[in-house]
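Residues per chain are reported as follows:
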Amino acid sequence: MSQLKDFLAFQSADLQLQHTEEAIKNTENRKRFSRLHKQLKDMQDNIAKQSAELAQIEAALARLQAQADAAAKRMQMESAELDNLTGDSETTAEEMAEFIRDIEHLDREWAALEREAHAATAGVKRLSQEYNATRRNAARIKKEYDEVRALCETEKAQGAAAVAEAEAAVAAVKSLVAPALAAKYDKARKYFPAPVVTVLGDKCGGCKMSLPGNLLRRLGPGNEICECENCGRLLYLE
Ligand SMILES: [Zn+2]
């Protein structure tokens, strides 16, 4: 009888330890910390994405500006050439007309490039604002994240004392249990938080499978502890 009593006391102390460990993992601060961690990660992804978009549109803008500058320069040269042709008496009206068409074409090209450059500039401005807003948000969340992390560290340190106490209680009762039985408990404990269960009628109190007669007889009067052949939990008769 005393073996069973010690064995149940061992499981009880172990459950208390699990409870203490769980409580440390699941505090409000821990939950907040997980949420902030995810938010921060999302923001960092956003920052990287927005930064890449910004670099892309800035490069496009630089290309457009270079093209617009080149077109403006060509127009200047053509205008100077037009002045020359106008002063030259040998220039035919047809030549003049063609030259003017060229200049007009260049002028339209330049105007289109300018419009595109304007749109790109507006895009850069909008993206920069978004990017800066994201960075400000990320900084705010990082600050909160650091604060909550410090709170969690404090809780963890406080919890460590409670865990150590619960562990000592487990060790004390475990020393009263036969080593072979304690080893069986440790094995079953890998699969079940509470591996010791009672027999309910003729069924395992854990998996609810019917137990064979010979096992039930062994459990009977001597308060023996047997393994359930189906689930591996440790059975006893109340
Ligand atoms: Zn079972």
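Given the structure is predicted, the values throughout are model-derived calculations rather than measurements. (Residues numbered from 1 in each chain as written. Predicted model: local features only at pLDDT ≥ 70, side-chain atom pairs only at ≥ 80, totals over all residues.)

Before going further, it helps to examine the domain arrangement of the protein chain. The domain architecture assigned to the protein chain consists of domain 1 (19-170) and domain 2 (181-236). Placing a centre on the C-alpha atoms of domain 1 and another on those of domain 2 gives a separation of 63 Å. (Domains from an automatic or database assignment.)

A separate point is the packing of helix α2 (residues 28-87) against helix α3 (residues 93-174). Interaxial distance between α2 and α3 falls to 5 Å at its minimum, and their mutual angle equals 165 degrees. Overall, the two elements α2 and α3 adopt an arrangement that is roughly antiparallel. The handedness of the crossing between α2 and α3 is left-handed. Across the contact of α2 with α3, the residue classes tally to 33 nonpolar, 15 polar and 18 charged. (Axes fitted to C-alpha atoms, helices over the stretch in contact; angles between N-to-C directions. Helix = DSSP H or I, 4+ residues; strand = E, 2+ residues; numbered from the N terminus. Parallel < 35°, antiparallel > 145°, perpendicular 65-115°, else oblique. Left-handed = near helix turned anticlockwise from the far one by under 90°. Nonpolar A, V, L, I, M, F, W, Y, C, P; charged D, E, K, R; others polar.)

On the basis of which strands lie adjacent, the open sheet formed by 4 strands has the order β2-β1-β4-β3 and mixed pairing. On the outer flanks of this sheet lie β2 (203-204) and β3 (226-227), each paired with one strand and no other. (Pairing = 2+ DSSP bridges.)

Our next topic: the nonpolar core. Here is a general trend for soluble globular proteins: nonpolar side chains tend to be buried in one another's company. Core analysis: the biggest nonpolar cluster contains 10 residues, these being Phe-7, Phe-10, Val-177, Ala-188, Val-196, Cys-204, Ile-225, Cys-228, Leu-234 and Leu-235. Within the residue set of this core, elements represented by two or more residues are α1 (2-25) and β4 (234-236). (Core = buried A, V, L, I, M, F, W, Y, C linked by C-beta atoms within 7 Å. Buried ≥ 20, exposed ≤ 12 C-beta atoms within 10 Å, placed from the backbone.)

Side-chain positions along a regular strand alternate between the two faces of the sheet. Two strands pair when backbone bridges link them, and strand β1 (residues 196-200) and β4 are joined in this way by 3 bridges, in the parallel orientation. If you follow Thr-198 over to β4, its bridge partner there is Tyr-236. When β1 meets β2, the two strands line up antiparallel, connected through 2 bridges. Residue pairing across strands places Val-199 opposite Cys-204, the latter belonging to β2.

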